[in-house]
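Architecture at a glance
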Amino acid sequence: MNSVLGFGFLVLGLTASVLGTAGGAYALLTQRLELLKTVRQWTLLVGVAALGAFVVMEVALFQRDFSVSYVAQVGSWATPPMFNFAALWSSLEGSLLLWTLVLAGYLVAVLFKFRDRHDDPLFGWALVIMLAVSSFFFILLVGPANPFVSVEVPADFVEQGPNPLLQNHLLMAFHPPMLYLGYVGFTVPFAFAAAALITGRVGEGWLVATRRWTVAAWGFLTAGILLGAWWSYEVLGWGGYWAWDPVENASLLPWLTGTAFIHSVMVQERRGMLRVWNLSLLCATFSLTILGTFLTRSGVVESVHAFSNGAIGPFLLAFFAVVTALSVGLIAWRGDELRSPGAIDSPVSREGSFLANNVLFGALAFVVMLGTVFPLLAELWDGSRLTIGRPYFDSMARPIGLTVLFLMAAAPVLPWRRASTELLTTRLFWPTVAGVGAMALSVALGGRGFYPVLTFGLGGFAAGAAGRQLGLATRRQGISGLVGRTNGGMIVHIGVVLVAVGMAASASYESDRTFELKIGESVSMGGHEFRYLEPGADINDRRLRAYALIEIDGGDVYAPATTRYRQQGMIVPTPSVRTGFTEDVYLVLDGAPAPEDDSIRLRVILSPMVAWIWAGGMLMALGTLFALFPGSRRRPIDPTSLAIHTSGKPTPPSDPEQPEDPQQPEDRTSAVVGNG
Amino acid sequence: MSAVNPQSWRPLAYAGLMAAALGLLLVASFGGGGHESELERVQRLNDSFACPVCDGESVAASNTAVSANIRQFIDEQVQAGSTDQEIRDALLAAYKVDILLNPPADGFAGLVWILPVVMGSLGAVAAAAAMTRARRAGRKATDDDRRLVEEARQVVVE
């Protein structure tokens, strides 16, 4: 019953997507815009179908309807309700179902948000492109990745349940949906960009219309990646959070190009420049979400996170090729109209710094991409097998990351057009003091090493510049000085600094050692004492959890464990972490306590300042949220690069910090409008 | 303080800050404790070998028995005073497969190091060229431009 119903919804979704795409394209090509009305109905139907399929799958999971192939694969009576709900995205077919639901959600949201522009061909084409993407995912679900295949339940059927690593922590319920909201969210600006190219309306209109969608998608992707890092830290039991694993890299790639885009897009909004570049970045971001899914879901790249492989590889590769070819073709076709009307006056300017930002993020994306696919290339070239891991990525990413931190300090104080040395030295003075102060503090506290101390210094520099901007904004606008794109962005910057500092400290000063301990014995490491009190076990019909009680510094008792999941026979470590502001004490059991004398092998990892990474991530999410609110300073389409003063005197080139000069009204454009 | 012209003291302050930053970096790089400790060395080595039986995980990251053994081996060798090269050779001899996480710098694999530098430089050159070209084009305002601006200004003031 569930199989039939679920598959029915998938067929409905596919039909509605294909008919919507075809009908919309026909209406737009023949200029019969009144036909677009049906496209809206098809779109709503896609939403209903995706939601229906999702609900049916959840119902099947809760009913443990093992006649549904996907439930037979990941369902089990032993799984607790929350993990059972999350089991939907614990394997390939279900992940695609979630992806499709999120895409359908975005489709309906776009339909609602732009309800007063339904006859606009730009909007029409955007909807058609999103429906085409949705058709592709429904094809996958109806064809090679159908989760609703009806199967016979054999008499000796053994329930599997989700992969133990995926039912071990609460974060599993949030990390994948968050990541997908990010990945799929980039479909919206991509669709509008392609629509702008098709209609020839390549000005800034589509950018302004989709600005918040892009920022929101970026925020979800950021939160998704950091939640993934947190999950990895809390579950995988190696004391780390980022391993430059192909799946992690696949999520980082669109984040890097997306980050480049949300910066360079400001140059286009303000100055009308970098049009081709911005379109390319957006198309690249969208294609990279597809390529990343291909790399990690097709089995071409081995990864510890690739929880499932299927037959969808060729489909994803073909879709990636089509998207890339269409993007390049459209951009080339409209090449002449995309020529920028302006030019960059000076490298020492806001737009110059955004350009530098793009070079850096582009270079980092290239490094990540190359390092991820290079083992494949090497194998194709001469059959050699090589592994590219953390040492490579670290040594390549470090100089780029440090330069980015430097730019994060300099860029926010730079005005548009050009900056004088005097202005720069004035504005950068306190950030420089903050940077040198951070270095002095870290050295005084015993921090050593060129890279970590330089990171702390540049972090202080960047945080100083962001703090300065926020200070100025709140001084003149009160609490509303924290919202808006610039100010929200500065909060994100401070979050990035916390993440960078946390990563530099934990990677540079981490220590890791394994001890053999008998009951009652204690060892010391890094100024802490660890005493093994006693072993214990906690058994239910899902798993056997063997733990050891470890007393840290004669105080709190922690219980690292190993858990054996009965159905899968798989043993996973369950680390126990004492989180602190300056240091995390991370305990992992290397195997269960020995049966003969209860002795254990205890791995102790001391990681300084890991908590700063999670705090920074939360700040980044908060800043993104604040950036979504309209700022009070200016509307995006107001002219500011050559504002006209009411007195008739020309004002100097626009500068976000003009209110520092009391002679000028706070918002010159509104003053002009008010008096005009 | 407010009576002092910032122009006069600021260069001096910047010079002082730069000197302090440089001094702090020197202390951080070469000062006491700047030398890699045994624990840090073990950590770095653990990070630089791949677990032989996993999919691309490092010895530090993996929880397999093999990795635990390699970690223990590295720990013992570091304490016994072996050099990085000795540890590396011993592990390569023992495991026979390529367990280096850092790709070699020669042959085809060398490209993985060179290409990013080439691409990064090209990007930087392209960005720089875009800016110099724009400046060389010399976009001085013409009389037509001034007339347009004046007209627009009249419209707004009225």
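Above this text you will find the structure in question.
Residues numbered from 1 in each chain as written. Chains lettered and ligands numbered in written order. Predicted model: local features only at pLDDT ≥ 70, side-chain atom pairs only at ≥ 80, totals over all residues. Heavy atoms only, no water.

Some thoughts on the overall build of chain A
Basically, it comes down to this: Starting at the N terminus, helices and strands are each numbered in turn, a helix being any DSSP run of H or I of at least four residues and a strand any DSSP run of E of at least two. Under the scheme applied here, a residue whose accessible area is under 20% of the maximum for its type counts as buried, over 50% as exposed, and between as partly exposed, the area being computed with a 1.4 Å probe on protein chains only. Contacts between residues were defined by any pair of non-hydrogen atoms, one from each residue, lying within 4.5 Å. Each accessible area is a Shrake-Rupley estimate made with a 1.4 Å probe; only the visible protein chains count as cover when residues are assessed.
Broken down by element type, chain A carries 20 helices and ten strands. Considering chain A as a whole, with its 676 residues, one finds that 59% of them fall into the buried category. Long-range pairs, those at least 24 residues apart, make up 72% of the contacts in chain A between residues at least 6 apart in sequence. Total accessible area on chain A is roughly 25,500 Å²; 65% of this is exposed by carbon and sulfur atoms.

Here we look at the pattern of salt bridges
Residues and elements named next belong to chain A. Rule in force here: Salt bridge, as used here: a side-chain nitrogen of Lys or Arg that lies within 4 Å of a carboxyl oxygen of Asp or Glu.
By the definition in use, this model includes 20 salt bridges over all chains. Its salt-bridge partner being Glu269, residue Arg485 comes within 2.7 Å of it at the nearest N-O pair. Separated by 216 residues along the polypeptide, Arg485 in helix 18 (residues 485-509) and Glu269 in helix 10 (residues 246-271) bring together distant segments of the chain. Residue Asp538 pairs with Arg543 through a salt bridge whose shortest N-O separation is 3.6 Å.

A few points about the pairing of strand 2 (residues 522-525) of chain A
Residue and element names in this part refer to chain A. Our working definition: Strands pair, by our definition, only if DSSP identifies at least two bridges between them.
Covered by surrounding structure in strand 2 are Val523 and Met525 only, the residues Ser522 and Ser524 on the alternate face being uncovered. Where strand 2 meets strand 3 (residues 528-539), four bridges bridge the pair, whose relative direction is antiparallel. Residue pairing in the sheet places Ser524 in a bridge with Glu529 of strand 3. Linking strand 2 to strand 3, which pair antiparallel, is a turn of two residues; within it Gly526 sits at a positive phi near 55°.

Thoughts on the sheet that holds strand 1 (residues 511-517) of chain A
All names here are of chain A. Basically, it comes down to this: Axis geometry follows a simple rule: fit a line to the C-alpha atoms, using only the stretch in contact for helices, then measure angles between N-to-C directions, giving values from 0 to 180 degrees.
If you trace the four strands from one edge of the open sheet to the other, you get 1-10-9-8, paired in antiparallel fashion. On the outer flanks of this sheet lie strand 1 and strand 8 (576-578), each paired with one strand and no other. Going from strand to strand, the sheet's axes swing by 20° on average, the running direction of each strand aside. Bridge count between strand 8 and strand 9 (residues 583-589): three bridges; the pairing is antiparallel. Across the sheet, the residue bridging to Ser576 is Leu587, located in strand 9. Each of strand 1 and strand 10 (600-608) touches helix 18; the most contacted strand, strand 10, lies at about 135° to it.

Some thoughts on the packing of aromatic side chains
Aromatic ring pairs are defined here through the distance separating the ring centres and the angle between the ring planes. The condition is simple: Each Phe, Tyr or Trp ring, with Trp reduced to its six-membered ring, pairs with another whose centre is within 6.5 Å; inter-plane angles below 30 degrees give stacked pairs, above 60 give edge-to-face pairs, and intermediate values give tilted ones.
Evaluated as defined, the whole model comprises 34 aromatic pairs over all chains. For the ring pair Trp381 of chain A and Phe108 of chain B, a centre distance of 4.9 Å and an interplane angle of 10° mean the geometry is stacked. Of this pair, Trp381 of chain A sits in helix 13 (residues 350-382) while Phe108 of chain B sits in the loop between helix 4 (84-95) and helix 5 (111-136), on two different chains. Judged by centre distance (4.8 Å) and plane angle (75°), the rings of Tyr392 of chain A and Trp113 of chain B are edge-to-face. Residue Tyr392 of chain A is found in helix 14 (residues 390-410), and its partner Trp113 of chain B is found in helix 5; the two belong to separate chains.

Considerations on the side chain of Thr187 of chain A
When you line up the elements, Thr187 of chain A lands in helix 8 (residues 187-199). By relative accessible area, which is 2% here, Thr187 of chain A ends up buried.

Thoughts on the interface of chain B and chain A
We count it as follows: Simply put, the buried area is the total loss of 1.4 Å probe accessible area from both parts when two parts are fitted together. As used in this structure description, the phrase polar contact means that two N or O atoms lie within 3.5 Å; if the pair is within protein, one of them must be able to donate a hydrogen and the other to accept it, and residues adjacent in sequence are counted only when both atoms belong to side chains. Each residue receives one of three labels: charged for Asp, Glu, Lys and Arg, nonpolar for Ala, Val, Leu, Ile, Met, Phe, Trp, Tyr, Cys and Pro, and polar for the others, Gly being one of them.
The interface of chain B with chain A comprises 61 residues on the first partner and 68 residues on the second. For the pair chain B and chain A, the two sides together bury roughly 5,500 Å², of which 66% comes from carbon and sulfur. On the chain B side of the interface with chain A, the three residues burying the most area are Leu39, Phe108 and Met131 of chain B, jointly 12% of the side's total. Applying the counting rule to chain B against chain A returns two salt bridges. When the shortest N-O distance is used, the salt bridge between Asp47 of chain B and Arg390 of chain A registers 3.5 Å. On inspection of chain B and its partner chain A, the count reaches ten residue pairs in polar contact (both at pLDDT 80 or more). Where the side of chain B that touches chain A is concerned, the elements lending two or more residues are helix 1 (6-30), helix 2 (38-48), helix 3 (65-80), helix 5 and helix 6 (143-157) of chain B. In terms of residue count, helix 1 of chain B provides more of the side of chain B that touches chain A than any other element does, 14 residues in total. Residue composition of the side of chain B that touches chain A, by class: 33 nonpolar, 16 polar and twelve charged.

Notes on helix 7 (residues 175-185) of chain A
All names here are of chain A. Within helix 7, nine of the eleven residues are buried, leaving the element largely enclosed by the surrounding structure. When helix 7 is considered as a whole, its buried residues turn out to be His175, Pro176, Pro177, Leu179, Tyr180, Gly182, Tyr183, Val184 and Gly185. Where helix 7 is buried, its residues touch helix 5 (92-113), helix 8, helix 9 (205-235), helix 10 and helix 11 (275-297).

Here's the deal with the environment of Phe261 of chain A
Residue and element names in this part refer to chain A. In this fold, Phe261 is placed in helix 10. Exposure remark for Phe261: the relative accessible area of 2% places this residue in the buried category. Considering only alpha carbons, one finds Phe261 and Leu279, 18 residues apart in sequence, at a separation of 8.7 Å.

Digging into the packing of helix 2 of chain B against helix 3 of chain B
Residues and elements named next belong to chain B. Let me state the cut-off plainly: The labels follow the angle: roughly parallel below 35 degrees, roughly antiparallel above 145, roughly perpendicular from 65 to 115, and oblique for the rest. Crossing handedness follows the turn of the near helix against the far one: under a right angle anticlockwise gives a left-handed crossing, and clockwise gives a right-handed one.
Interaxial distance between helix 2 and helix 3 falls to 10 Å at its minimum, and their mutual angle equals 140°. By the angle class used here, helix 2 and helix 3 are oblique. At the point where helix 2 passes helix 3, the crossing takes the right-handed sense. Only Arg71, Ile74, Asp75, Val78 and Gln79 of helix 3 make contact with helix 2, whose side of the interface consists of Glu38, Arg41, Val42, Leu45 and Asn46. Residue composition of the contact of helix 2 with helix 3, by class: four nonpolar, two polar and four charged.

Some thoughts on the pairing of strand 10 of chain A
Residue and element names in this part refer to chain A. Burial analysis of strand 10 places nine of its nine residues in the buried class, the great majority of the element. The alternating pattern of strand 10 places Ile600, Leu602, Val604, Leu606 and Pro608 on one face and Arg601, Arg603, Ile605 and Ser607 on the opposite face, and all of these are buried. Across seven bridges, strand 1 lies against strand 10 in antiparallel orientation. Opposite Leu517, over in strand 10, you have Ile600 as the bridge partner. Relative to strand 10, strand 9 runs antiparallel, the two being bridged by seven bridges. Directly across from Val585, in strand 10, lies its bridge partner Leu606.

Quick look at the nonpolar core
Residue and element names in this part refer to chain A. As a reminder of what qualifies: Definition of nonpolar core: a set of buried residues of the types Ala, Val, Leu, Ile, Met, Phe, Trp, Tyr and Cys, connected through side-chain atoms within 4.5 Å.
Core analysis: the largest hydrophobic core is formed by 198 residues, its most contacted members being Met57, Phe137, Phe192, Trp206, Trp255 and Phe374. Here the element with the most residues in this core is helix 6 (residues 121-142); it accounts for 15 residues. One finds Phe530, Tyr532, Tyr558 and Val604 within the second-largest nonpolar core, a separate group that totals 17 residues.

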